[in-house]
Amino acid sequence: MLIHPWDAALDDEEWRSWLRTRDFGQIAVNGVAGAPPVVVPTHFLYDGDAEVLLHLARPNPIWAALEANPVAVVSVHDDYAYIPTSWRSDSPETGVPTSYYAAVQLVCLAEIVDDGEGKAEILRRQLAHHQPGGDHGVVAADAGPYRRNLSAIRGLRLRVEEVRAKFKYDGHRPAKLRERVARGLAERGLPGDAGALSQQRRRSAAAESAVGA
């Protein structure tokens with residue numbers, strides 16, 4: 001992922017705060033023996049520091065890929081919007097369109113978990129995150145309604161080795177242009193526009209605060 005200096009995260013707290021409210025993305029692994037990469041959409045649990053936890057079905061093709069090469073990338077993107085030519089120039093004939101988006105990629109080293117209690121622990125932690133009200137059965141390797149299901153899955157512990165974070169919202173462009181784009185996003189109202197507008201305004205405010213400091 002190309003990250004220009006003006007699109008880089010302001011600090012670790014920016015991307016951590018953004019990722020804290022997102023728990024669905026894609027895990028990508030190199031294919032085996034020249035095969036295409038394996039890319040799996042999935043919910044996951046990031047502990048906010050150095051570990052990602054998840055589980056997948058035993059027949060998933062990702063396992064052979066991870067056994068050949070345990071390096072994986074967890075990729076999450078959101079708050080995206082297409083920015084048309086007319087919003088980025090006084091003349092739509094000379095304006096250059098772009099995409100606004102936020103993206104975080106966690107480069108990880110994978111550990112496959114096959115023992116029953118290890119898988120149960122991953123499920124307990126995921127359920128605590130996704131269903132904090134506790135409205136589910138007991139999860140244990142040797143008891144409860146899910147024990148027989150454990151044989152159908154494998155767990156993954158991903159140790160975060162590197163973080164790539166990008167917030168692409170015209171941070172290097174003049175305030176006049178950013179204000180015009182903000183008006184366009186507010187008026188258009190497509191599904192991703194509100195999130196993109198919120199990120200653009202937040203980044204613009206942070207840039208102006210840094211200049212005034």
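Conventions we followed
- Residues numbered from 1 in each chain as written.
- Predicted model: local features only at pLDDT ≥ 70, side-chain atom pairs only at ≥ 80, totals over all residues.
- Heavy atoms only, no water.
- Helix = DSSP H or I, 4+ residues; strand = E, 2+ residues; numbered from the N terminus.
- Buried < 20%, exposed > 50% of the residue type's maximum accessible area, 1.4 Å probe, protein only.
- Contact = heavy atoms within 4.5 Å.
- Pairing = 2+ DSSP bridges.
- Expected span 1.5 Å × (residues − 1).
- Core = buried A, V, L, I, M, F, W, Y, C linked by side-chain atoms within 4.5 Å.
- Arc of directions from axis to C-beta.
- Polar contact = N/O pair within 3.5 Å; in protein donor to acceptor, adjacent residues only side chain to side chain.
- Salt bridge = Lys/Arg side-chain N within 4 Å of Asp/Glu carboxyl O.

As named in an unreviewed UniProt entry, the protein is Transcriptional regulator, taken from Nonomuraea rubra.

(A) Representation of the overall build of the protein within the structure. Along the backbone of the protein there are five helices and seven strands. Starting at the N terminus and walking to the C terminus, you meet the elements of the protein as α-β-β-β-β-α-β-β-α-β-α-α. Structurally, the protein occupies a C-alpha span of about 65 × 45 × 35 Å along its principal axes. Across the 213 residues that make up the protein, the buried fraction comes to 39%. Long-range pairs, those at least 24 residues apart, make up 72% of the contacts in the protein between residues at least 6 apart in sequence.

(B) Looking closely at the pairing of strand S4 (residues 51–57). With five of seven residues buried, S4 lies mostly within the body of the structure. Note: strand S3 (residues 45–46) against S4, two bridges, orientation antiparallel. For leucine 45, the partnering residue across the bridge sits in S4 and is leucine 53. From the end of S3 to the start of S4, which pair antiparallel, there are four residues, and glycine 48 there has a positive phi angle of about 85°. Summarising the sheet, S4 and strand S7 (residues 153–168) pair through seven bridges and their orientation is antiparallel. Residue pairing for S7: glutamate 51 is matched across the bridge by arginine 159.

(C) Structural view of helix H4 (residues 175–188). The terminal C-alpha atoms of H4 lie 20 Å apart, and with 14 residues this matches the ideal 20 Å at 1.5 Å per residue to within 8%. Among the residues making up H4, those that are buried are Leu177, Arg178, Arg180, Val181, Ala182, Gly184 and Leu185.

(D) Broad picture of the nonpolar core. By size, the foremost hydrophobic cluster in this structure holds 40 residues, and its most contacted members are Leu19, Val52, Ile62, Leu106, Leu158 and Leu185. Looking at this core, the element that brings in the most residues is strand S6 (residues 98–113), giving six residues. Discounting chain neighbours no more than four positions away, the residues touching valine 52 are Phe44, Leu45, Tyr46, Val74, Leu106, Leu156, Arg157, Leu158 and Val160. Counting residues in each nonpolar core, the second largest holds six residues, with Leu123, Leu127, Val139 and Leu150 among its members.

(E) Structural context of helix H1 (residues 12–20). Residues of H1 that are buried: Glu14, Trp15, Trp18 and Leu19. Here the buried residues of H1 occupy an arc of 120° about the axis, which is enough to place them on one side. With a side-chain oxygen lying 3.1 Å from the backbone nitrogen of glutamate 13, the N-terminal cap of H1 falls on aspartate 11.

(F) Focus on the pattern of salt bridges. One pass over the full model with this rule turns up 18 salt bridges. Between glutamate 14 and arginine 202 there is a salt bridge, with the nearest N and O atoms lying 2.7 Å from each other. A residue pair is termed long-range when its members are at least 10 positions apart, and glutamate 14 in helix H1 and arginine 202 in helix H5 (residues 193–212) qualify at 188 residues. Glutamate 14 gets classed as buried once you look at its relative accessible area, which sits at 8%. Between arginine 157 and glutamate 51 there is a salt bridge, with its nearest N and O atoms 3.1 Å apart. You can see arginine 157 sitting in strand S7 and its partner glutamate 51 sitting in strand S4, a full 106 residues away along the chain. Here the residues in one salt-bridge network are Arg58, Glu67, Asp114 and Arg154, joined through shared partners.

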